[in-house]
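Here is how the chains run, residue by residue.
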Amino acid sequence: MMHQHPRTASKVASSVPVLRIGAVGKQFGATKVLEKCSLDVDEGEIVTLLGPSGCGKTTLLRCIAGFLDADQGDVRIDGQDMGPIPVNRRPVGVVFQSYALFPHMTVARNVAYALKMQGIRGAEADRRVAGALATVSLQDFGDRYPSQLSGGQQQRVAIARVLVMEPRVLLLDEPFNALDAKLRSSMQVELRQLIKRLGLTAIFVTHDQEEALTMSDRIAIMRAGRIEQAAPPDEIFDYPATAYVADFIGTSNFWKASAAGGTVPLPDGQRRQTEHSGDVQIMARPHNLKLAEPEAGEWRGHVQFHRTIGALIEYHVETSDGVLLQVATMRQERAAPFDDGAAVSLHIIDPTYCAVYPAS
Amino acid sequence: MTDAAVPQQISGRGLGERLIDALLSGRGIWPAVPAIIVLMVVAVVPFVILLSLGFSNIVVSRGEIVSQTFSLAHLTNALTDPLYWTTFQRSLNLALTTTLLCLVFGYPVAYLFLVGGKWTKRAILILTIAPLLTSGIVRTYAWLVILGGRGVVNSTLMNLGLIDQPLRIMNTHWAVLIGMVQIHLPVMILPLIAVMSRHDSRLVEASANLGASRLATLRTIVLPLSVPGIGTGAALVFTLSYTTFVVPQLLGGGNYLNAATMIYEQVVFSLEWSKGSVSSLILMVTCLIVLVAIALVTNHFTRWTKGRDA
Amino acid sequence: MTALRKYSLGDIFGVGLIFAVGLFTLLLLVAPSIIVVIISFDTRAFVSFPPEGFTLRWYAEVFQQGELVEAMANSLQVGLTVTVLCILLGVPTALACARGRFKGTTALSVFVLVPHMVPGIVLGVAVLFAGALVGVSPSIWLQSISITVFILAVMVRTVQSRLVRLDPALEEAAANLRATPFQSLRTVTFPLLMPAILAGAVFTFVEGFDNLSVAIFTHGFRDRPLPVELLALVQYTSSPLVAAVSGVQIVLAIAALIAVSLSIGLDNVNE
């Protein structure tokens, strides 16, 4: 087992977050890559930076690690400003996308590297290397070279290599990219359990929402250099703060509406409360909609296409005013109740579970 | 409490290490500064001086310049001297012919490399690189042995009874040309091989699948794709063969004058510095003009590589 | 029917001709060297073919001729000096070109290339004249530094192309794992660059040892390097002595080739 950091106990008592990203901004030439990014990460928390490529998530990670200097704002670890601290003295450990294992060193020497650089040698170094390798179940692989390991094993070496220096924050840059799809999901679960078991604080970068949902305590959705929403996975999914977040995570249906007097009419005749007024757009998840016979409601359409995905049936419905929607229902019988081309009426199951955003 | 999270700087590091850290950490130009200084002193400044010498009248005494005045005389003298014209023309002809022949003989080797298996490729690489590691004089000497009065060619022909008297091959234009081509062949072949080994072998398969014969594939796929290699090889062979003096000196006999042997005589034997400077400058400028021409032609035939990074 | 269709007549003759020319060229590349080696064992005192007997006399003589041995020693010294200087100047320059974050990294790469693009004899003449102006006469040191300037580009490009292909995350990982820039250089970058440095060293050594175009203008009057000595020898003698010297050089070239292929693999030479 890894040793808990000696300072951990005192840290819990104080309310200072382990990592505080305060209004960090970064520019490359004329392009703003990061704009006023703020995020607090608590002890033992796994936070994912999620977004499409070019959204600034990797840049933010590199600012935390110190490979880049932020132009504005600050990065604090245990309350201490990391600005003046050079890369090689920041208490962070980075697991790179390519793993960046030193190809000319054995696994044991890779893992011992950080200790050697700090002048820790001999019995203590051996003990800590053995401990780190045991943590990732690679105790028998110390004499191998990285090229002799599988992708999953290489990833574990990369993790052991940073664990050995007992970092306050673990930074992982798309660590599953180099793995094949099958191995990926089992490694995700395994890695989350390992981080939780060691009580580490971790920041995770990915563009894969399934990976983010599996790994994280909280997800920070990034868009064009800004953090749009940072919340636990189910909150992000159920109550997306912006239309962008709703669109990015999961499948979503949008349509336009007009709000007045604190409510907005829904097309099936129900109403939903809102603080917005004027033109808005309403979002409903596919499983918050259901279909019925055309006579059962005033919101009409017809099925364009449907398919069965395991226990779910997914309908693509075009409404009478030309909006395309997805509806997902649990499958009861062998056949779908509505065939392609069938006329249907649509109903919203829970109006409060619809989101209302100002029109874009 | 707060600063405890940051690992302590390891003490006991030397001043030199700290200095190197400082020079490296800024990712600045510092590591290159020694090289820049040496290049300035040993290349840039000498070129400027060469230029100034070509455009001035100087009086040299005991290896030192006594007086120097601006003058275009040497340049105009050179440009009106028929000896210069014939010499540079001869050099240019020789170099261009050499370049062309190197391409004609070298390209098939590159094609063998393209279609050959692993061991063929290795053999070709070894046979091409090995000569580059041997001195040019040694390789030229080999041709003295082959083409000389009692050399391989004449002995063989005489033993076969085809000729009575040894043929005079040495000290002719042909001897120089043969030597030039053979010596510069590796320089042409290597860039061709480099470009061939980057080819996607599936292109050749696709071409065959689309009904092209092997010759048609060579003409329509392999050749156009290897133009960058042809350009690089031609530029290298031309520069080297235009400015060499070993081959003309040894295979052409003492009286075969090309630009390089002329400069050598002006500088080393007759100590005419201004003339030597002017000749060097003309050599450099004409060489540059041909290189630009080669680059333009190459660019014209490689338009498909442009705009990929846009 | 299909067998006939597989290769047309044009293909058979055309490709056949290309193969024939290719094989002839390959023969042309090695045959002269082989003939020289054969001649070097001939018992006669003049160059003739085919040889009449076998002797090692010429090889013995190579090492008895004081001037030749001295020239070899001089060239060896120049070769080593050039190599050391190229490593000391070239590797840091390659680092600056490939990893620098300053404006003008491209300009720097081009600047380093320029002396290599200029014809060797022009560089030699320029250095000779410039030296004379400031009172530096030709010497083994002037020759060494001139050839260094001429060939530096090869070392820089060999190392730079290796650096460019090196995952930049490796150096970041080293920094993240507490290494100072110097430690990162010593423990990660240098070991991974070693093959490229070795390959560059072989080529710069060969250039220092064999260069004639720059050397002929810059070598010391009393410190004649081997190529200059050989040039005179080839011009004024006709004994197989030169063939023996060539034989020695060919053996050295093969050794260099083996060194290169062991250090980086033949396939990577062609950069």
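Residue numbers here run from 1 along each chain, matching the order of that chain's written sequence. As they are written, the chains are lettered A onward and the ligands numbered 1 onward, keeping that order. Only residues with pLDDT of at least 70 are given local features in this predicted model, and only at 80 or more are side-chain atom pairs given and counted; all residues enter the totals for whole chains, interfaces and linings. As a convention, hydrogens and water are excluded, and side-chain values are obtained from all of the structure's heavy atoms.

Counting its secondary structure elements, chain A contains nine helices and 20 strands. C-alpha extents for chain A along the principal axes are approximately 80 × 45 × 40 Å. Each residue's exposure class comes from its accessible area (1.4 Å probe, protein chains only) as a fraction of the maximum for that residue type: buried when under 20%, exposed when over 50%, partly exposed otherwise. For chain A, the proportion of its 360 residues judged to be buried stands at 51%. In chain A, of all internal contacts separated by at least 6 residues, the share reaching a separation of at least 24 is 67%. When the accessible surface of chain A is split by element, carbon and sulfur atoms take 49% of a total near 16,000 Å². A run of H or I in DSSP becomes a helix once it reaches four residues, and a run of E becomes a strand once it reaches two; helices and strands are each numbered from the N terminus. Should any heavy atoms of two residues lie within 4.5 Å, those residues are considered in contact. Exposure was quantified through the Shrake-Rupley algorithm and a 1.4 Å probe, taking into account, for residues, occlusion by the shown protein chains and nothing else.

Secondary structure assignment for chain C yields 12 helices and zero strands. When each of the 271 residues of chain C is scored for burial, the buried share is 58%. Entry remark: accessible area of chain C is about 11,400 Å², with carbon and sulfur atoms responsible for 69%.

This part takes up the interface of chain B and chain C. Between chain B and chain C, the residue contacts involve 91 residues of the former and 87 residues of the latter. Once two parts are brought into contact, the accessible area they lose, counted with a 1.4 Å probe and summed over both, makes up the buried area. Buried area between chain B and chain C, both sides added, is near 7,900 Å², and the carbon and sulfur share of it is 82%. When the buried area of chain B at its contact with chain C is split by residue, B:Arg27, B:Leu133 and B:Tyr141 rank highest and sum to 10% of it. Salt bridge criterion: a side-chain nitrogen from Lys or Arg within 4 Å of a carboxyl oxygen from Asp or Glu. On the surface where chain B and chain C come into contact, there are zero salt bridges. Within 3.5 Å is the distance limit for a polar contact, defined as a pair of N or O atoms, with the added protein rule that one can donate a hydrogen and the other accept it, and that residues adjacent in sequence qualify only through two side-chain atoms. Here chain B is connected to chain C by four residue pairs in polar contact (both at pLDDT 80 or more).

It is a general feature of regular strands that their side chains alternate between the two faces of the sheet. Residues and elements named next belong to chain A. Extensive coverage of strand β7 (residues 169-173) is indicated by the burial of five of its five residues. Side chains of β7 alternate between two faces, with Val 169, Leu 171 and Asp 173 and Leu 170 and Leu 172 buried alike. At least two DSSP bridges between two strands are required for those strands to pair. Strand direction decides the pairing type here: strand β6 (residues 92-95) and β7, joined by four bridges, are parallel. Residue pairing for β7: Val 95 is matched across the bridge by Leu 172. In this structure, β7 lies alongside strand β8 (residues 201-206), joined through five bridges in parallel fashion. Directly across from Val 169, in β8, lies its bridge partner Thr 201. Look down the strands so they point away from you; if the path from the first strand over the helix to the second goes clockwise, the crossover is right-handed. Crossover β7 to β8 through helix α6 (residues 181-198) is right-handed.

Residue and element names in this part refer to chain C. For each domain, the first and last residues come from an automatic or database assignment. Domain boundaries in chain C define domain 1 (2-39) and domain 2 (59-270). In this structure, domain 1 and domain 2 have C-alpha centres spaced 35 Å apart. Every contact between the two is made by four residues of domain 1 and, on the other side, four residues of domain 2. The largest per-residue losses of area from domain 1 upon contact with domain 2 belong to Val 36, Val 37 and Ile 39, which jointly make up 88% of the total buried on that side. Put simply, domain 1 and domain 2 have zero salt bridges between them. Summed over the shared surface of domain 1 and domain 2, the number is zero residue pairs in polar contact (both at pLDDT 80 or more).

We now examine a nonpolar patch on the surface. Residues and elements named next belong to chain A. Taken together, the side chains of Ile 309, Leu 312 and Met 330 define a hydrophobic patch exposed on the protein surface, amounting to about 280 Å² of accessible area. Mapping Ile 309 onto the fold places it in strand β16 (residues 300-309). For Ile 309, a relative accessible area of 42% gives the class partly exposed. Note that patches include only residues with greater than 30% relative accessible area and no salt bridge, and the join distances are 9 Å for like charges and 5 Å for nonpolar side chains (Val, Leu, Ile, Met, Phe, Trp, Tyr).

With that settled, consider the sheet that holds strand β17 (residues 312-319) of chain A. Residues and elements named next belong to chain A. Taken together, the five strands give an open sheet; going across it, the order is β15-β19-β16-β17-β18, and neighbouring strands pair in antiparallel fashion. Single-partner strands in this sheet number two, and they are β15 (289-292) and β18 (324-330). With direction set aside, neighbouring strand axes in the sheet form an average angle of 45 degrees. For helices, the fitted line uses only the C-alpha atoms of the stretch in contact; every axis is such a line through C-alpha atoms, and the angle between N-to-C directions lies from 0 to 180 degrees.

Looking now at the confidence of the model for chain A. The predictor attaches a confidence to each residue, called pLDDT, with possible values from 0 through 100. Confidence in the prediction of chain A, expressed as mean pLDDT, is 89, and 95% of residues score 70 or more. Element-level pLDDT for chain A is lowest in helix α1 (residues 8-13) of chain A, with a mean of 44, against a maximum mean of 96 in strand β3 (residues 46-50) of chain A.

Before going further, it helps to examine the interface of chain A and chain C. Facing 25 residues of chain A, the contacting portion of chain C comprises 19 residues. For the pairing of chain A and chain C, the buried interface totals around 1,900 Å² over both sides, and the portion due to carbon and sulfur atoms is 61%. For the chain A face of the interface with chain C, the top three residues by lost area are A:Asn88, A:Tyr113 and A:Met117, together amounting to 31%. The partner of A:Arg62 in a salt bridge is C:Glu172, with the nearest N and O atoms 2.6 Å apart. On the surface where chain A and chain C come into contact, there are eight residue pairs in polar contact (both at pLDDT 80 or more). Where the side of chain A that touches chain C is concerned, the elements lending two or more residues are β6, α3 (107-117) and α5 (151-163) of chain A. Just so you know the grouping, Ala, Val, Leu, Ile, Met, Phe, Trp, Tyr, Cys and Pro go in nonpolar, Asp, Glu, Lys and Arg go in charged, and all remaining residues, Gly too, go in polar. Across the side of chain A that touches chain C, the residue classes break down as 16 nonpolar, five polar and four charged.

Our next topic: the domain arrangement of chain A. For chain A, the assigned domains read domain 1 (9-238) and domain 2 (255-358). Domain 1 of chain A and domain 2 of chain A are separated by 41 Å when their C-alpha centres are compared.

Here we come to helix α7 (residues 152-159) of chain B. Along α7(B), the residues classified as buried are B:Val152, B:Asn154 and B:Ser155. Structurally, α7(B) contributes buried residues whose contacts are with α6 (136-147) of chain B together with α2 (9-39) of chain C. One or two steps after α7(B), the chain reaches B:Gly161, where phi turns positive at roughly 75 degrees.

So, on to the sheet that holds β3(A). Sheets are built from strands that pair by backbone hydrogen bonding, the pairs being arranged parallel or antiparallel. Residues and elements named next belong to chain A. Taken together, the six strands give an open sheet; going across it, the order is β6-β7-β8-β3-β9-β10, and neighbouring strands pair in mixed fashion. Of all the strands in the sheet, just β6 and β10 (226-231) have a single pairing partner and so form its edges. Across the sheet, the axes of successive neighbouring strands diverge by a mean angle of 20 degrees, strand direction being ignored. Relative to β10, strand β9 (residues 218-223) runs antiparallel, the two sharing five bridges. Bridge pairing in β10 places Met 222 opposite Ile 227. Sheet contacts for helix α2 (residues 57-65): β3, β6, β7, β8, β9 and β10; angle to β7, the most-contacted strand, approximately 145 degrees. Relative to the sheet, α5 contacts β6 and β7, its axis offset from that of β6 by approximately 170 degrees.

It is worth spelling out the pattern of salt bridges at this point. All names here are of chain A. A full pass over the atoms with the stated rule returns 20 salt bridges over all chains. Between Lys 26 and Asp 71 there is a salt bridge whose closest N-O contact spans 3.6 Å. With Lys 26 in strand β1 (residues 19-28) and Asp 71 in the loop between α2 and β4 (72-77), this pair connects stretches of sequence that are 45 residues apart. Assessed through its relative accessible area of 40%, Asp 71 is described here as partly exposed. The salt bridge partner of Arg 192 is Asp 217, with a shortest N-O separation of 2.9 Å.

Turning our eyes to something else, we now look at the confidence of the model for chain C. The predicted model of chain C averages 87 in pLDDT, with 94% of residues at 70 or higher. What the predictor reports for the complex is a pTM of 0.83 with an ipTM of 0.87.

A positive count includes Lys and Arg, and a negative count includes Asp and Glu. His and the chain ends are not counted in either. To locate a charge, the coordinates of NZ of Lys, CZ of Arg, CG of Asp or CD of Glu are taken. A surface patch of positive charge is lined by A:Arg109, A:Lys116, A:Arg121 and C:Arg186. Judged by its relative accessible area of 43%, A:Arg109 is partly exposed.

All names here are of chain A. Of note, the phi angle at Ala 23 is positive, near 50 degrees, even though the residue is not glycine. Among the structural elements, Ala 23 can be located in strand β1. A positive phi angle, close to 50 degrees, is found at Ala 100, a residue other than glycine. For Ala 100, a relative accessible area of 3% gives the class buried.

So, about α5(A). Under the convention used throughout, the expected extent of a helix is 1.5 Å for every residue step, that is, one less than its residue count. Relative to the 18 Å expected for 13 residues at 1.5 Å per residue, α5(A) spans 19 Å between its end C-alpha atoms, a close match to the ideal helical length. Along α5(A), the residues classified as buried are A:Gly152, A:Gln153, A:Gln155, A:Arg156, A:Val157, A:Ala158, A:Ile159, A:Ala160, A:Arg161, A:Val162 and A:Leu163. As for α5(A), its buried residues are in contact with β6, α3, α4 (122-135), β7 and α6 of chain A together with α8 (168-176) of chain C.

Before going further, it helps to examine the nonpolar core. If you look at the biggest cluster of nonpolar residues, it comprises 248 residues, and the most contacted ones within it are A:Leu19, A:Phe102, A:Val111, A:Tyr113, A:Leu171, A:Leu191 and A:Ile203. Ranked by the residues each element gives to this core, the list is headed by helix α8 (residues 173-197) of chain B, at 15 residues. Ignoring anything within four residues of it in the chain, the contact list for A:Val111 reads A:Val129, A:Ala132, A:Leu133, A:Val157, A:Ala160, A:Arg161 and A:Val164. By nonpolar core we mean a set of buried residues, namely Ala, Val, Leu, Ile, Met, Phe, Trp, Tyr and Cys, connected to one another through side-chain atoms within 4.5 Å. One finds A:Ala257, A:Val280, A:Phe338 and A:Leu346 within the second-largest nonpolar core, a separate group that totals 23 residues.

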